[in-house]
Amino acid sequence: MQIKSGATIVNLNPSMRPALIGCQKVFNKHDTNFVITCGLDGAHSAGSLHYYGFAIDVRTRDLGNKLQDCYQDLLNELPGFDVVLERNHIHIENEIAFKEQWCK
Ligand SMILES: [Zn+2]
């Protein structure tokens, strides 16, 4: 796993750990580096879970024509997480854990 310079996963919620492990497994399968481009850093929408440590963005540009297969594998590998294919990255968040912790 690599973390893009400037990106931070300090204070990433432990509930995201399975997502990191699952991503590593899937990117290994596709022989591509797993790079987190954004964790708790960056500017996001007002309600974004990035600010609370329940979301990461993952680099997709190195996947080339493996993108769709990789995305499908992530969906299969990470049940319970929201895995969203964005224009230039894959956003992964754990809204269930966020709500359990903060919305009781
Ligand atoms: Zn994101």
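Coordinates for the structure precede this section.
The sections below set out a description of the structure shown in this document. (Residues numbered from 1 in each chain as written. Predicted model: local features only at pLDDT ≥ 70, side-chain atom pairs only at ≥ 80, totals over all residues.)

1. Describing the sheet that holds strand E1 (residues 2–3)
What links the strands of a sheet is backbone hydrogen bonding, and the strands pair in either a parallel or an antiparallel sense.
Here is step 1 of the chain: Strand order in the open sheet formed by five strands is E1-E2-E3-E5-E4, with mixed pairing between adjacent strands. Two strands lie at the open edges of the sheet, namely E1 and strand E4 (82–85), each paired on one side alone. (Pairing = 2+ DSSP bridges. Helix = DSSP H or I, 4+ residues; strand = E, 2+ residues; numbered from the N terminus.)

2. Topic: the packing of helix H1 (residues 17–29) against helix H2 (residues 67–77)
Here is step 1 of the chain: Contact pair H1 / H2: the axes reach a minimum separation of 10 Å and the direction vectors enclose 145°. Crossing geometry of H1 relative to H2 is assigned as right-handed. Contact with H1, carried on its side by Gly22, Cys23, Lys25, Val26 and Lys29, involves Cys70, Asp73, Leu74 and Glu77 of H2 and no other residues of that element.
Here is step 2 of the chain: Partitioned by chemical class, the residues of the contact of H1 with H2 number four nonpolar, one polar and four charged. (Axes fitted to C-alpha atoms, helices over the stretch in contact; angles between N-to-C directions. Left-handed = near helix turned anticlockwise from the far one by under 90°. Contact = placed C-beta atoms within 7 Å. Nonpolar A, V, L, I, M, F, W, Y, C, P; charged D, E, K, R; others polar.)

3. Concerning the nonpolar core
Here is step 1 of the chain: With 19 residues, the main nonpolar core has Ala19, Cys23, Ile56, Val58, Leu74 and Ile92 as its most contacted residues.
Here is step 2 of the chain: Contributions of two or more residues to this core are made by H1, strand E2 (35–38), strand E3 (55–59), H2 and strand E5 (89–93).
Here is step 3 of the chain: Per-element accounting of this core gives the leading share, four residues, to H1.
Here is step 4 of the chain: Other than its neighbours up to four places away in sequence, Val58 contacts Cys23, Phe34, Val35, Ile36, Thr37, His89, Ile90 and Ile92. (Core = buried A, V, L, I, M, F, W, Y, C linked by C-beta atoms within 7 Å. Buried ≥ 20, exposed ≤ 12 C-beta atoms within 10 Å, placed from the backbone.)

4. Here we look at unusual backbone geometry
Here is step 1 of the chain: A positive phi angle, near 75°, is found at Asn11, a position not held by glycine.
Here is step 2 of the chain: In this structure, Asn11 sits in the loop between E1 and H1.
Here is step 3 of the chain: Although it is not a glycine, Asp31 adopts a positive phi angle of roughly 55°.
Here is step 4 of the chain: Position of Asp31 among the secondary structure elements: in the loop between H1 and E2.

5. Looking at the pairing of E4
Here is step 1 of the chain: Alignment of E4 against E5, held across four bridges, turns out to be antiparallel. Considered in E5, the bridge of Val84 is made with His91.
Here is step 2 of the chain: Counting the residues between successive antiparallel strands, the hairpin from E4 to E5 contains three residues.

6. Describing the pairing of E3
Here is step 1 of the chain: Taken across its five residues, E3 has four buried, putting it largely inside the fold.
Here is step 2 of the chain: Across five bridges, E3 lies against E5 in antiparallel orientation. Following the sheet pairing, Ala55 is matched in E5 by Glu93.

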